[in-house]
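The lines below spell out each chain.
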Amino acid sequence: MFTYLENLEYKKRILYEQFYTSTGQVNIHFSKYRDVNDKNGDRFYFRLYEEGLDDEIEIGYLYFYMHAKEKETKFIGLLINEKFRNQGYAEVLLSIWITFCLNMGLERIQTIDKQRKPFTLYLLKKFTFDVLDKNLYQTKRKIIDICRREDDMTKYLHFHDCNQEQGFRNSHIMREDNYELLSDSEFKEEDVLKLDQIFLLKPYLLQDKEIGYQKAKQIQKRYQ
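The text that follows walks through the structure, step by step, so that each part is easy to find. These numbers come from a predicted model, not from an experiment. (Residues numbered from 1 in each chain as written. Predicted model: local features only at pLDDT ≥ 70, side-chain atom pairs only at ≥ 80, totals over all residues. Heavy atoms only, no water.)

1. Some thoughts on the overall build of the chain
Where we set the bar: Secondary structure elements are defined from DSSP: runs of H or I of at least 4 residues count as helices, runs of E of at least 2 residues count as strands, and each element is numbered from the N terminus. As a reference, a globule follows 2.2 Å times the number of residues to the power 0.38, and the radius of gyration itself is taken over C-alpha atoms. Relative accessibility under 20% of the residue-type maximum defines a buried residue, over 50% an exposed one, and the middle range a partly exposed one, all with a 1.4 Å probe and only protein chains included.
A tally of regular secondary structure across the chain gives eight helices and twelve strands. Over its C-alpha atoms the chain spans a radius of gyration of 18 Å, differing by no more than 12% from the 17 Å that the globule rule assigns to 224 residues. By its C-alpha atoms, the chain is 55 × 40 × 35 Å across when sized along the principal axes. Out of the 224 residues in the chain, the part that is buried amounts to 49%.

Listed below in structure tokens is the structure:
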């Protein structure tokens, strides 16, 4: 299988799987790309498309590195098109990637260092991904609290470091998604639900392969 993927024609889409939602059929395509300026090697993609009457509509994609000899993979990022957000597709893409990697026998499943999307990291933690250096949780300074308010799909964040908060406030990630930043006093309000804590710009590693695999399979069963 590794040999087949290594010899896969660049930019050629392969139908990987199909599943169904309340709105219709979703096709999952697999492909390989090469960026000559990327020293990490080929990039592999899983893309989701909604089957339309005349054409496919792209829902979103996830991309990653995969090195067969080292038996490792590194998650780079994912993107869900605005029309399809808050429908669970980010979790679907992560579940597809995780089961794919484990079924391929990859032993080290992690992210690249420069993860900048707080809620993507929050979703990864649901599959038992976590930072390599657990001592970070003792320092508190760079911790970001992931929060929700009841009956509200807005993504709320609470920063412990004011400089980090200002940097995120000025970032394109803040501008392109529905993030709201909570002050210290707002963070303590009763209707604020504290979901988890994450660190940006740190590598995350899958800690428990069996739990991660079972979680991924549970998500996929919703659409079978």
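2. Comments concerning the sheet that holds strand β10 (residues 179–181)
Note: strands within a sheet are paired through backbone hydrogen bonds, in either parallel or antiparallel orientation. The condition that has to hold: Whether two strands pair comes down to DSSP finding at least two bridges between them. Every angle, taken between N-to-C directions, lies between 0 and 180 degrees, and every axis is a line fitted to C-alpha atoms, over only the stretch in contact when it is a helix.
Reading across the sheet, the four strands line up as β10-β9-β8-β11 and stay open at both edges, with mixed pairing between neighbours. Lying at the two open borders of the sheet, with one neighbouring strand each, are β10 and β11 (192–198). With direction set aside, neighbouring strand axes in the sheet form an average angle of 35 degrees.

3. Re the environment of L157
Using the following cut-off: Contacts: residue pairs with any heavy atoms within 4.5 Å of one another.
Structurally, L157 is set in strand β9 (residues 155–159). With 26 residues separating them along the chain, L157 and S183 place their C-alpha atoms 9.0 Å apart. Apart from the residues within four sequence positions on either side, L157 is in contact with P118, F119, I144, D145, I146, F168, Y179, E180, L181 and L182.

4. Remarks on the side chain of S171
Using the following cut-off: Under the rule applied, a polar contact is a pair of N or O atoms within 3.5 Å (in protein, one hydrogen donor and one hydrogen acceptor; residues adjacent in sequence only if both atoms are side-chain atoms).
Within the secondary structure layout, S171 lies in the loop between α5 (162–169) and α6 (172–176). For S171, the side chain forms a polar contact with the main-chain oxygen of F168, separated by 2.7 Å.

5. Description of unusual backbone geometry
Within the chain, T128 stands out as a residue other than glycine whose phi angle is a positive 85 degrees. Mapped onto the elements, T128 comes out in the loop between α3 (118–126) and β7 (129–131). With relative accessibility at 18%, the residue T128 sits in the buried group.

6. Things to note about the pattern of salt bridges
We count it as follows: Each salt bridge in this description consists of a side-chain nitrogen of Lys or Arg and a carboxyl oxygen of Asp or Glu lying within 4 Å of one another.
Tallied over the entire structure, the rule returns 14 salt bridges. Residues joined in a network through salt bridges with shared partners are R85, K155 and D177.

7. Re the packing of aromatic side chains
In plain terms, the rule: When the centres of two rings from Phe, Tyr and Trp lie within 6.5 Å, Trp using its six-membered ring, the rings pair. Their planes under 30 degrees apart give stacked, over 60 give edge-to-face, and anything left gives tilted. Charge-over-ring contacts are defined here by two conditions on Lys NZ or Arg CZ: a distance within 6 Å of the ring centre and an angle within 35 degrees of the ring normal.
Taken as a whole and judged by the stated rule, the model has 23 aromatic pairs. The interplanar angle of 70 degrees and the centroid separation of 5.6 Å between the aromatic rings of F119 and Y122 together place this pair among those described as edge-to-face. One end of the pair is F119 and the other is Y122, both in helix α3 and three residues apart, which spans about a single turn. Since its relative accessible area comes to 6%, F119 is described here as buried. Here the aromatic residues Y16, F30, F44, F46, F64, F75, W97, F100 and F129 are joined through ring pairs into a cluster of three or more. Geometry around Y49 places R13 over its ring, the cationic atom sitting 4.5 Å from the centre. K32 extends its terminal NZ or CZ atom over the ring of Y10, reaching a point 4.7 Å from the ring centre.

8. Some points on the pairing of strand β2 (residues 24–33)
Most of β2 sits out of view: eight of its ten residues are buried. Pairing between strand β1 (residues 14–21) and β2: seven bridges, direction antiparallel. Bridging from a neighbouring strand, F19 pairs with V26 of β2. Counted between consecutive antiparallel strands, the loop separating β1 from β2 contains two residues. When β2 meets strand β3 (residues 43–51), the two strands line up antiparallel, connected through eight bridges. Within β3, the residue paired with S31 across the bridge is Y45.

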